Amino acid sequence: MSGDGATVTSADIARMAGVGRAAVSNWRRRYEDFPEPVGGTPTSPTFALKDVEAWLLGQGKVEELPLAERVWQQIRTAADDLRLGEVVAEAAELLRGVGKPRSVPRPAWTLLQQYAAEQGAEEASRFLLDRYADVHSRRLAETPIELAHFMARLAGPDVGTVLDPACGLGVLLATMNGTEHAYGQESDPALARLAQTRLSLAGVDGVIRTGDSLRQDAWPGVTADAVVCHPPFNERNWGYEELASDPRWEYGLPPKSESELAWVQHALAHLRPGGVAVMLMPEIAANRRSGRRIRSNLLRRGAVQAVIGLPPKMAPGTGLPVHIWVLRRPAGDGRTPSRVLMSTAEPATFDAVVERWRRFREDPDRVLDVPGETRTVPIIDLIDEDIDISPARHVGVADATAGDYPAFRTDFLSRLERLAALMPEVSPSRPRDVPMMPLTELERTGALTVQQSGRYDVDGTGEFVLEAGHLFAGGPATNRTRPENRIAILPGDVVVATRDREVAVRVVDEAGLLLGPRLTLLRPDPERLDPYFLAGFVRSSPAPAGGTQPGLTRFDTRRAQVPRLPLDDQRRYGEAFRNLFAFEAELRGANGSGQVAAASVLLGLTTGALNPGSPS
């Protein structure tokens with residue numbers, strides 16, 4: 001049992017028992033022997049962990065309290081939220097054989113050693129990192145792992161040294177596992193220590209130092225082959241006044257409202273000649289009027305190599321679209337590229353965009369045009385009054401030729417035919433009250449198994465992993481991760497992802513996939529529950545109106561409800577949902593095909609290559 005001083009919240013109890021917080025509230029009302037609060041507030045009480053453990057076991061709510069949960073609750077009660085990072089960092093260091101226990105309580109360290117003996121020290125360290133990131137998700141703008149791998153691939157395969165001047169928990173640096181040495185800096189000392197542990201787990205040789213990179217550069221004089229960075233967005237207090245004469249502002253003094261352009265120039269200052277920086281940037285940085293002069297100077301000197309637009313909500317902390325800027329420090333060889341690669345990307349097209357970037361990097365004057373996706377734009381066309389380097393403004397302007405219009409038209413019309421065939425056949429009916437049952441009830445009766453993956457790093461090796469981006473954007477799994485301690489997806493499983501107020505689902509029909517980070521797997525008993533019926537009603541469940549922060553949402557899938565219907569009726573609904581999902585996928589393709597066809601007609605009519613009216 002746990003130490004006497006450990007306490008837990010209702011959310012902690014829900015996690016320990018694998019239920020929603022509403023279930024814990026119900027237990028407090030229904031059971032007179034439920035432990036009384038020992039602290040907290042009336043709206044957020046805390047309970048003695050040892051009493052909660054005894055009650056859960058005595059009531060049969062859990063057969064055995066997971067050792068991992070016992071470890072975490074002991075760790076979490078060792079400090080308040082502001083100091084929790086220090087305790088977690090120390091615990092992770094102890095697992096690496098660094099230091100002695102100071103902040104980590106003896107009961108916590110004893111349990112952690114037991115957990116490490118069972119699962120291995122590396123797995124125990126990953127558990128601590130992932131759980132800390134999960135608890136503090138509202139304060140940590142952690143780069144999604146699929147996006148981190150994409151950025152690492154854009155940096156290139158031949159990177160000897162790499163720097164991340166705002167490394168956070170070290171996610172970006174940990175993806176650079178082919179480098180000789182990594183340099184990192186983080187203003188939060190606890191995060192810097194945790195990032196050091198992450199590098200060790202990833203097998204990356206590197207050092208993380210503490211401090212504000214813009215004000216107190218921890219790596220003066222270091223020039224790296226690559227810089228990868230997800231800087232803070234929209235910082236007003238970044239040091240504008242005290243850094244006004246800083247030599248890093250080679251392309252112009254960043255306006256006070258343009259902290260991102262300060263980070264861009266800091267990255268360029270740390271590159272060797274010809275080195276590449278890959279920066280995650282807010283969309284507004286590409287066209288904000290206050291940054292025009294700096295963007296112009298970056299373009300004129302060939303520092304901007306590529307700008308890649310990403311879908312909304314790809315980055316935590318904002319529901320708005322973001323861009324990836326790929327920059328190059330001029331090599332001093334007198335050769336200035338004449339073009340910039342403009343592209344749009346989503347997880348399903350990351351591989352294709354990396355390949356186009358590789359080809360463009362080999363020949364920066366290469367002309368590339370992929371309808372609706374990628375275009376190399378002459379720099380002279382970008383240097384106008386606005387200096388707008390947003391990919392959406394430039395991709396597709398000249399990507400559809402008038403001569404290709406017949407093929408575009410044929411493709412679009414064929415998609416329309418498929419859409420008509422896929423439209424679900426449904427008929428009007430009078431609304432009726434149908435008894436509903438929550439997934440918790442289905443799980444209790446054995447009709448459904450629920451598994452959740454939690455946070456973890458996708459390391460790029462092993463088996464294909466299905467991630468949240470694939471559920472929202474469509475397309476196959478593209479990343480890989482080690483199968484050890486991961487959840488294998490079986491054909492017929494329903495996978496659920498949430499993002500802001502959206503819920504995405506997929507009924508998996510192929511074998512060999514692993515469940516990605518922070519996804520939920522629903523495995524229905526096919527003799528009692530139709531998977532498409534289940535997926536359709538889970539998909540329609542409203543996500544909560546608020547989240548832990550913009551772009552992140554805690555949504556308990558177990559709270560979703562489905563009608564209580566016989567299996568034959570479920571299958572009728574399931575077939576309609578199956579057709580609807582296929583219809584939506586085809587609709588996405590038709591939308592892109594139609595836009596290309598429209599661009600082709602516009603170009604043909606305005607250049608005289610096409611005439612109005614039907615061909616004679």
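Presented here is an overview of the structure given in this document.

Rules and cut-offs
- Residues numbered from 1 in each chain as written.
- Predicted model: local features only at pLDDT ≥ 70, side-chain atom pairs only at ≥ 80, totals over all residues.
- Heavy atoms only, no water.
- Helix = DSSP H or I, 4+ residues; strand = E, 2+ residues; numbered from the N terminus.
- Contact = heavy atoms within 4.5 Å.
- Pairing = 2+ DSSP bridges.
- Axes fitted to C-alpha atoms, helices over the stretch in contact; angles between N-to-C directions.
- Buried < 20%, exposed > 50% of the residue type's maximum accessible area, 1.4 Å probe, protein only.
- Right-handed = clockwise from strand over helix to strand, strands pointing away.
- Parallel < 35°, antiparallel > 145°, perpendicular 65-115°, else oblique.
- Left-handed = near helix turned anticlockwise from the far one by under 90°.
- Salt bridge = Lys/Arg side-chain N within 4 Å of Asp/Glu carboxyl O.
- Expected span 1.5 Å × (residues − 1).

## A look at the environment of Leu-129
Alright, step 1. With respect to the helices and strands, the residue Leu-129 is situated in helix α7 (residues 121-135).
Alright, step 2. When the C-alpha positions of Leu-129 and Ala-92 are compared, they lie 8.0 Å apart, and in sequence the two are 37 residues distant.
Alright, step 3. Each residue touching Leu-129, except ones within four places of it in the same chain, is listed here: Leu-194, Thr-197, Arg-198 and Leu-201.

## Some thoughts on the sheet that holds strand β2 (residues 39-40)
Alright, step 1. Taken in spatial order, the three strands line up as β1-β3-β2 in an open sheet, and their pairing is antiparallel. Of all the strands in the sheet, the pair left with one neighbour each is β1 (7-9) and β2.
Alright, step 2. Here β2 pairs with strand β3 (residues 45-48) via two bridges, running antiparallel. Note on β3: the bridge partner recorded for Gly-40 is Pro-45.
Alright, step 3. Contacts from helix α3 (residues 49-59) reach β1 and β3, with the element oriented near 75° to β3.

## What about the sheet that holds strand β13 (residues 374-378)?
Alright, step 1. Pairing within the open sheet is mixed, and its 10 strands lie in the order β6-β5-β4-β7-β8-β10-β9-β11-β13-β12. Of all the strands in the sheet, the pair left with one neighbour each is β6 (206-210) and β12 (369-370).
Alright, step 2. Sheet topology places strand β4 (residues 161-164) next to strand β5 (residues 181-186); four bridges connect them, and they run parallel. Directly across from Val-162, in β5, lies its bridge partner Ala-182.
Alright, step 3. Packed on one face of the sheet, helix α10 (residues 189-202) meets β5 and β6 and runs near 175° to β6.
Alright, step 4. Most of the contacts of helix α13 (residues 350-362) go to strand β11 (residues 339-344), to which it runs at about 175°, and overall it touches β8 (271-282), β9 (304-309), β10 (322-328), β11, β12 and β13.

## Some thoughts on the side chain of Arg-126
Alright, step 1. Mapped onto the elements, Arg-126 comes out in helix α7.
Alright, step 2. Assessed through its relative accessible area of 15%, Arg-126 is described here as buried.
Alright, step 3. Setting aside chain neighbours within four positions, we find Arg-126 in contact with Leu-201 and Arg-482.

## Points about the pairing of β8
Alright, step 1. Counting buried positions along β8 yields 10 of 12 residues, so the element is predominantly enclosed.
Alright, step 2. Taken together, the five bridges between strand β7 (residues 224-229) and β8 define a ladder with parallel strand orientation. Within the sheet, the bridge partner assigned to Ala-224 lies in β8 and is Leu-271.
Alright, step 3. In this view, the connection linking β7 to its parallel neighbour β8 by way of helix α11 (residues 259-269) has right-handed handedness.
Alright, step 4. Pairing geometry for β8 and β10, over seven bridges, is antiparallel. Across the sheet, residue Val-278 finds its bridge partner in β10, namely Val-326.

## Here's the deal with the packing of helix α4 (residues 67-76) against α7
Alright, step 1. Orientation of α4 relative to α7, taken along the N-to-C sense of each, is 60°, at an axis distance of 11 Å. Taken together, the axes of α4 and α7 are oblique relative to one another. You can see that α4 and α7 cross each other, and the crossing is right-handed. Of the residues in α7, those touching α4 at Ala-68, Glu-69, Trp-72, Ile-75 and Arg-76 are Phe-127, Leu-128, Arg-131, Tyr-132 and Val-135.

## Thoughts on the pattern of salt bridges
Alright, step 1. Tallying each qualifying case throughout the model produces 33 salt bridges.
Alright, step 2. In this structure, Asp-369 engages Arg-375 in a salt bridge whose closest nitrogen and oxygen atoms are separated by 3.9 Å.
Alright, step 3. For Asp-369, a relative accessible area of 39% translates into the label partly exposed.
Alright, step 4. Assessed through its relative accessible area of 13%, Arg-375 is described here as buried.
Alright, step 5. A salt bridge links Arg-482 to Glu-484; the shortest N-O distance between them is 3.6 Å.
Alright, step 6. Its relative accessible area of 24% is what places Arg-482 among the partly exposed residues.

## Digging into unusual backbone geometry
Alright, step 1. Non-glycine residue Ile-387 carries a positive phi angle of around 50°.
Alright, step 2. Mapped onto the fold, Ile-387 is located in the loop between α14 (379-382) and α15 (391-394).
Alright, step 3. The backbone of Arg-518 shows a phi angle near 60°, a positive value even though the residue is not glycine.
Alright, step 4. Mapping Arg-518 onto the fold places it in the loop between β21 (513-515) and β22 (520-524).
Alright, step 5. By relative accessible area, Arg-518 is classed as partly exposed at 35%.

## Considering helix α5 (residues 84-95)
Alright, step 1. A rise of 1.5 Å per residue sets the reference length of α5, with its 12 residues, at 16 Å; its end C-alpha atoms lie 17 Å apart and thus fit the reference within 8%.
Alright, step 2. With 11 of 12 residues buried, α5 lies mostly within the body of the structure.
Alright, step 3. The elements touched by buried residues of α5 are α4, α6 (106-119), α7 and α10.
Alright, step 4. Downstream of α5 by a residue or two, Gly-97 has a phi angle that is positive, lying close to 80°.

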